[in-house]
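A closer look at the structure
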Amino acid sequence: MSPQSLSQATEAIPVSPPVMVLEDEQPVETPQSTNSQRNRRTRWNEWLLDVFAMNSFSWAIAIPIELMLAGMSWREHLKVRLLAVVFNTLIARPFSLYRNWILVRFGRGSAMHNYAVDTFVFLSFQLPLYILNMLLGGASSGEIATACITFMLIAGALGRPYGMYLDCLRRLWLGRRAVADAAAIAD
């Protein structure tokens, strides 16, 4: 065999650099690293849950308000709702953290107490954002005024149902322990 043919024959053989594995260099999972990974995964799951809850609830509520009561066209409604998806995705987690913070301060209590707390949280956080969304969506001042007055009037009917919807999704999606952990993180 000539040196040239030997060279051609060995080019076809894949060669990788030698790898040395030392047993004592394997990563060791400590309780801190495991907790850190679990906390990161839990925060990601909570963010996804909050985004889903905010967008699905918002769209279901906005259809009758914007199309029937405010008289917006389908085109205006879709433009406003697509902007709302962006807004809702950005504010879903801060809203839930704000709600958790308020709940820690005021606690849970009677049905009327829970209703008042959720209504306050929903109205104080959502109304300013709704106005901004409508402005950016190109709604007229009359449409914005009608939609906002309607929003304020029915906020009492929206705050508690959204709180219950969010709590229900948390129980289903994250489990009871994660719901308690999320409330503790708000401290």
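Summarised in this report is the structure supplied together with it. (Residues numbered from 1 in each chain as written. Predicted model: local features only at pLDDT ≥ 70, side-chain atom pairs only at ≥ 80, totals over all residues. Heavy atoms only, no water.)

**Overview of the pattern of salt bridges**
Close approach of charged atoms allows side chains with opposite charge to pair. Under the counting rule described, the total for this entry stands at eight salt bridges. Of the charged contacts in the structure, one is a salt bridge between Asp 50 and Arg 93, with a shortest N-O distance of 2.7 Å. Here Arg 93 lies in helix H3 (residues 74–106) and Asp 50 lies in helix H2 (residues 31–69), a separation of 43 residues in the sequence. A single burial state applies to Asp 50 and to Arg 93, both of which are buried. The structure contains a network of salt bridges with shared partners spanning Arg 99, Arg 108, Asp 118, Arg 160 and Asp 167. (Salt bridge = Lys/Arg side-chain N within 4 Å of Asp/Glu carboxyl O. Helix = DSSP H or I, 4+ residues; strand = E, 2+ residues; numbered from the N terminus. Buried < 20%, exposed > 50% of the residue type's maximum accessible area, 1.4 Å probe, protein only.)

**Topic: H3**
If you check H3, its first and last C-alpha atoms are just 40 Å apart, much less than what 33 residues at 1.5 Å a residue would give, namely 48 Å. Its axis deflected by about 45° at Ile 91, H3 carries its strongest bend there, up to four residues before the proline Pro 94. Gly 107 occupies a position one or two residues after H3 and carries a positive phi of about 70°. (Expected span 1.5 Å × (residues − 1). Bend = angle between axes of the 7 residues up to and from the residue.)

**Some details on a nonpolar patch on the surface**
There is a patch of nonpolar side chains on the surface, built from Ile 131, Leu 132, Leu 135 and Leu 136 and spanning about 350 Å² of accessible area. Mapping Leu 135 onto the fold places it in helix H4 (residues 111–136). (Patch = residues over 30% accessible without salt bridge, like charges linked within 9 Å, V, L, I, M, F, W, Y side chains within 5 Å. Areas by Shrake-Rupley, 256 points an atom, 1.4 Å probe, with all protein chains shown as cover.)

**Points about the packing of H3 against H4**
In contact at an axis separation of 10 Å, H3 and H4 are set at 150° when each is read in the N-to-C sense. Here H3 is positioned roughly antiparallel relative to H4, judged by the angle of their axes. Once H3 is placed against H4, the crossing between them reads as right-handed. Considering only residue class, the contact of H3 with H4 consists of 21 nonpolar, four polar and three charged. (Axes fitted to C-alpha atoms, helices over the stretch in contact; angles between N-to-C directions. Parallel < 35°, antiparallel > 145°, perpendicular 65-115°, else oblique. Left-handed = near helix turned anticlockwise from the far one by under 90°. Nonpolar A, V, L, I, M, F, W, Y, C, P; charged D, E, K, R; others polar.)

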